[in-house]
Amino acid sequence: MDDLLRAMEEYAALRTIPVIGRDGAALLCATVASARPRAILEIGTAIGYSTLLMAGQAAAGARITTIEIDAERAAAARAFFSRSRHAAAIELLVGDAAAILPGLDGAYDFLFIDAAKAHYLQYLAGAMDKLQPGAVIFADNVYFYGLVTAERPPRRMRTLVKRMRAYLEFVNNDPRFTTTIHPIGDGIAISRFQGDDSHDHT
Ligand SMILES: C[S@@+](CC[C@H](N)C(=O)[O-])C[C@H]1O[C@@H](n2cnc3c(N)ncnc32)[C@H](O)[C@@H]1O
């Protein structure tokens, strides 16, 4: 497995395909190892590097559904999966996550968001009715190159920055989520979804 992961790191570096960085990968592995999810949903597969990292830490019998829009990257991911002992546990869906999410009927207890930075809130909204109470949401790159906290982000980035801020405001303020933001890599937000019944109905 380690050799396969090293081969994937080289493949990604040669083609400048973004995969999770070393520190983020360590936090992802530790988070999956402690949450022991049985059903993982990943948005943004690239070549499947983080998919296999998670597969290596998940409980025996766990399943992973992963979504990638880029057909060439998805093909590379499929080839790498076939070389791993986790191949049978992984379902790779090729297409736009925004279009695929409504058709998923799984109940997931771990969600890894790592696709288009402007659409994190949209992805979460699309996945929310498929999350089990207690599910963990791991969102990478939430500092958006440090621009999320900038007073005056460059004009061409403003919409993207606004949308990432909206994601963070949502998971920080909605009572169904408890969120911690880790200053690791480009920022990682880990949220726990309490379920839809966590509202105070008094
Ligand atoms: C940062 S990479 C994912 C890296 C991967 N999670 C890892 O760490 O190994 C983001 C990926 O999301 C994909 N992506 C972007 N927009 C998407 C969308 N709307 N639906 C599905 N995948 C998308 C990109 O093609 C890219 O491969």
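Scroll up a little and you will see the structure.
Heads up: these notes are all about the structure in this document. These numbers come from a predicted model, not from an experiment.

### Comments concerning the packing of helix α2 (residues 22–35) against helix α3 (residues 49–57)
Right, on to step 1. α3 packs onto α2 with a crossing angle of 35° between their chain directions and a minimal axis gap of 8 Å. The handedness of the crossing between α2 and α3 is right-handed. From α2, Ala25, Leu28, Cys29, Val32 and Ala33 reach across to α3, where they touch Ser50, Leu53, Met54 and Gln57.
Right, on to step 2. Split into classes, the residues belonging to the contact of α2 with α3 amount to seven nonpolar, two polar and no charged.

### Some remarks on the site of the ligand
Right, on to step 1. In the vicinity of the ligand, 22 residues are found, and the nearest of them are Ile20, Gly44, Glu68, Arg73 and Asp114.
Right, on to step 2. Taking Gly44, its main chain carries an N or O atom lying 2.8 Å from a nitrogen atom of the ligand.
Right, on to step 3. Compared with its free state, where it exposes 600 Å², the ligand has 89% of that area covered by protein.
Right, on to step 4. Assessed atom by atom at 2 Å from the grid points, the ligand resides in the largest pocket.
Right, on to step 5. Taken together, the elements giving at least two residues each to the shell around the ligand come down to α3 and β2 (63–68).

### Details of helix α4 (residues 71–82)
Right, on to step 1. The end-to-end C-alpha distance of α4 is 16 Å, a good match for the 16 Å that twelve residues give at a rise of 1.5 Å each.
Right, on to step 2. Inspection of α4 places Ala74, Ala76, Ala77, Phe80 and Phe81 among the buried residues, and these make up the whole buried set. Projection of α4 onto a plane perpendicular to its axis shows the buried side chains occupying an angular sector of 160°, all on one side. Facing away from the buried surface of α4 by more than 90 degrees, the exposed residues are Ala71, Glu72 and Ser82.

Reading guide: rules and limits
Residues numbered from 1 in each chain as written. Predicted model: local features only at pLDDT ≥ 70, side-chain atom pairs only at ≥ 80, totals over all residues. Heavy atoms only, no water. Axes fitted to C-alpha atoms, helices over the stretch in contact; angles between N-to-C directions. Helix = DSSP H or I, 4+ residues; strand = E, 2+ residues; numbered from the N terminus. Left-handed = near helix turned anticlockwise from the far one by under 90°. Contact = heavy atoms within 4.5 Å. Nonpolar A, V, L, I, M, F, W, Y, C, P; charged D, E, K, R; others polar. Near = heavy atom within 4 Å. Polar contact = N/O pair within 3.5 Å; in protein donor to acceptor, adjacent residues only side chain to side chain. Areas by Shrake-Rupley, 256 points an atom, 1.4 Å probe, with all protein chains shown as cover. 1 Å grid on protein atoms, 1.4 Å probe; cavity = no way out; pocket = protein on both sides within 12 Å on 5 of 7 lines; lining within 4 Å. Sits in = over half its atoms within 2 Å of the grid points. Expected span 1.5 Å × (residues − 1). Buried < 20%, exposed > 50% of the residue type's maximum accessible area, 1.4 Å probe, protein only. Arc of directions from axis to C-beta.

No statement about biological role is implied by the geometric values presented.
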